[in-house]
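# Structure assessment
Each chain, letter by letter, is given below.
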Amino acid sequence: MGKKAVLIGINYPGTKAELKGCINDVRRMRTCLMQSYGFEDQNINVLIDTDPSYTQPTGKNIRRALDDLVRSAVAGDELYVHYSGHGTRLPAETGDIDNTGYDECIVPSDMNLITDDDFKELVSEVDDGCRITIVSDSCHSGGLISGVKEQIGESTQPGHRTTSSPASRISVVKDTVIDAFEPQHSLIDEDVYEGNRGYVKSRLLPLSTLIDMLKEKTGKDDIDVGRLRPTLLDIFGDDASPKVKKFMKVESHGEDVKKGSCSCLGGILSTIGDLVTSFSKKKSENNDDDYTKLASEPKEAETTAEQVQQGAKTNRVLPRNGILLSGCQTDETSADANPTGNPKEAYGAFSNAILSILKENKGNVSNHDIVSKARKLLKRQGFTQRPGLYCSDDYVKAPFVY
């Protein structure tokens, strides 16, 4: 049995999104895998953005590393992925049956987003004789593998409404926009200083900050929330997320439909546009960037009835061989902590909890137990994030990495 891993740590140095603990998480996890689980150095692919001698964690490089990991696997292989970095989320495309109501994304070093559907496709390619464990210590990481059963967590929304009725669809999208702008949980969006020693901050990248960084990257000032996906496609081309490329095809088709007989779609777009404008204005007036424009992808409502049915059919095929341990729920943030003020001792709260639990139990702990124990430990430490477990029933009591 082979053991192979991809470890991704992104600190975004010198940017508005800079973090401190992600590279440390990866280095500590690499040591743990080698010492406690028998992984060999040559079978651990490390991507970090603070050392040019390593492969840089761009969207293209991360996808390539994950694809190589899965495609090189043979029956009996144990695959492991650890991601420490920023997360963000977009409202799920109208018509999609999404078990959280959003597209959860990780944020590569070049801002080339990788979505939950991308992870779903990756996991679906894993051989039945293998399994892949993904730990995501990032914000909105609940449900990062689209369609996988939630074993521990509060992210999924049973009976999530999906309908081709224009009036009902307006209601669904309105609820999603409001929830995105007014999240249910109190989040840490700025540094919280503990005296003069250190800090705790979230691993959330608001879309407003993402847009600012894309403007800096491209030199263009006309990027806004309505042009986020077209901008990602313009910048990254074939290297953009398959979900982004798929959406742009749907958008193009939707424009043709809107010019024809389905004038009701125009009403949906107008409603969403009014909501986005209203919430953006409100947040701007309050000088609140917590979730500025987070749910403003208006043209997603142009999905056709045929695509709704196809999406529903596709989402019924659940990835069987993937295990996700998320640092938090889909509407929560994960913490980046530096309690001593020493950058070498900064860490992700969830990664640190996992490593502490593995050390205490000498590596012998199940997926269910490690998430349950992490929840209790983080609560004792004063963190509000609630880790989650997503996998088929077969893997709930299975060991965390063999």
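Bear in mind that the values here come from a model prediction, so they are computed numbers and not experimental data. Per chain, residues are indexed from 1 in the order of the written sequence. pLDDT decides what is reported in this predicted model: residues at 70 or higher carry local features, side-chain atom pairs at 80 or more are listed and counted, and totals for whole chains, interfaces and linings draw on all residues regardless. Side-chain figures throughout are based on the complete set of non-hydrogen atoms in the structure, without hydrogens or water.

### Describing the nonpolar core
Ranked by internal contacts, the top residues of the largest apolar core, which has 51 residues, are Phe119 and Ile132. Pairs of residues are marked as contacts when any of their non-hydrogen atoms sit within 4.5 Å. Among residues more than four places away in sequence, those in contact with isoleucine 132 are Leu69, Val70, Leu79, Val81, Leu122, Val123, Val126, Asn321, Gly322 and Ile323. Buried Ala, Val, Leu, Ile, Met, Phe, Trp, Tyr and Cys residues that are joined via side-chain atoms within 4.5 Å together make up what is termed a nonpolar core. Any residue under 20% of the maximum accessible area for its type is buried, any over 50% is exposed, and the rest in between are partly exposed; the area is computed with a 1.4 Å probe on protein chains only. Formed by 42 residues, the second largest nonpolar core is a distinct cluster that contains Ile23, Val371, Val396 and Ala398.

### Side note on the sheet that holds strand E14 (residues 388-390)
Here, strands pair whenever DSSP counts at least two bridges between them. Under the DSSP-based scheme used, a helix requires at least four consecutive residues in state H or I and a strand at least two consecutive residues in state E, with every element numbered from the N terminus. Sheet architecture is open: 7 strands sit in the order E2-E1-E3-E7-E11-E14-E8, paired in mixed fashion. Either end of the sheet is taken by a strand with one partner, and the two such strands are strand E2 (44-48) and strand E8 (150-152). Within the sheet, the average angular offset between the axes of one strand and its neighbour, ignoring direction, is 15°. Where strand E1 (residues 3-9) lies against E2, 5 bridges are found, and the strand directions are parallel. Bridging across to E2, valine 6 finds its partner in asparagine 45. The angle between two axes is taken between their N-to-C directions and runs from 0 to 180 degrees, where each axis is a line fitted to C-alpha atoms and a helix contributes only its stretch in contact. Against the sheet, helix H1 (residues 22-37) contacts E1, E2, strand E3 (78-84) and strand E7 (131-137), and its axis sits at roughly 165° relative to E1. Its contacts with the sheet put helix H2 (residues 59-71) on E1, E2, E3 and E7, and the angle it makes with E1 is roughly 170°.

### Structural notes on the packing of H1 against helix H10 (residues 349-360)
Here H1 crosses H10 at 20°, and the two axes come no closer than 10 Å. Judged on the interaxial angle alone, H10 and H1 are roughly parallel. Judged by the sense of rotation from one axis to the other, the crossing of H1 with H10 is left-handed. Between H1 and H10, the contacting residues are Asp25, Arg28, Met29, Cys32 and Tyr37 on the first element and Ser351, Asn352, Ile354, Leu355 and Leu358 on the second. When residue character is reported, Ala, Val, Leu, Ile, Met, Phe, Trp, Tyr, Cys and Pro are called nonpolar, Asp, Glu, Lys and Arg charged, and the others, Gly included, polar. Each residue belonging to the contact of H1 with H10 can be placed in one class, and the counts come to 6 nonpolar, 2 polar and 2 charged. Here the word oblique covers every angle except those under 35 degrees (roughly parallel), over 145 (roughly antiparallel) and from 65 to 115 (roughly perpendicular). Handedness of a helix crossing follows the sense of rotation of the near helix relative to the far helix, less than a right angle counterclockwise being left-handed and clockwise being right-handed.

### Comments concerning the packing of helix H5 (residues 207-218) against helix H6 (residues 228-236)
Two elements in contact, H5 and H6, have axes separated by 12 Å at closest approach and are oriented at 35°. In this structure, the crossing between H5 and H6 has a hand that is left-handed. In this structure, H5 uses Leu207, Leu210, Ile211, Leu214, Lys217 and Thr218 to contact H6, whose residues at the interface are Leu228, Thr231, Leu232, Ile235 and Phe236. Its residues placed into classes, the contact of H5 with H6 shows 8 nonpolar, 2 polar and 1 charged.

### Quick look at the pattern of salt bridges
Basic side-chain nitrogens of Lys or Arg form a salt bridge, by our definition, when they fall within 4 Å of a carboxyl oxygen of Asp or Glu. A full pass over the atoms with the stated rule returns 16 salt bridges. Arginine 30 is paired through a salt bridge with aspartate 41; the nearest N and O atoms lie 2.7 Å apart. Of this pair, arginine 30 sits in helix H1 while aspartate 41 sits in the loop between H1 and E2, placing them 11 residues apart in sequence. Judged by its relative accessible area of 28%, arginine 30 falls in the partly exposed class. Measuring nitrogen to oxygen at the nearest pair gives 2.7 Å for the salt bridge that ties lysine 243 to aspartate 117.

### Description of the side chain of serine 136
For serine 136, the location among the structural elements is in strand E7. Judged by its relative accessible area of 0%, serine 136 falls in the buried class. A polar contact is formed between the side chain of serine 136 and the side chain of serine 138, at a distance of 2.7 Å. When sequence neighbours within four positions are dropped, the list of residues in contact with serine 136 reads Tyr83, Ile106, Ser141, Leu144, Leu324, Leu325, Ser326, Gly327 and Phe350. Residues adjacent in sequence count toward polar contacts only when both atoms are side-chain atoms; beyond that, a polar contact is any pair of N or O atoms within 3.5 Å, and within protein one must be able to donate a hydrogen and the other to accept it.

### Observations regarding the packing of aromatic side chains
Each Phe, Tyr or Trp ring, with Trp reduced to its six-membered ring, pairs with another whose centre is within 6.5 Å; inter-plane angles below 30 degrees give stacked pairs, above 60 give edge-to-face pairs, and intermediate values give tilted ones. Applying the stated criterion to the full structure yields 2 aromatic pairs. Aromatic pair tyrosine 37 and phenylalanine 400: ring centres 6.4 Å apart, planes at 80°, arrangement edge-to-face. Placement of tyrosine 37 in helix H1 and of phenylalanine 400 in the segment after E14 is noted, with a sequence separation of 363 residues between them. Here the two residues tyrosine 37 and phenylalanine 400 agree in accessibility, since each one is buried. An aromatic cluster is built from Tyr37, Tyr80 and Phe400, whose rings are joined through pairwise contacts.

### Let's talk about unusual backbone geometry
Across the chain, the bulk of peptide bonds are trans and the bulk of non-glycine residues have phi less than zero. For methionine 111, which is not glycine, the phi torsion reads 75° and is therefore positive. Judged by relative accessible area, methionine 111 falls into the buried class, the value being 3%. At valine 401, a position not held by glycine, the phi torsion is positive, near 60°. Looking at the element boundaries, valine 401 is found in the segment after E14.

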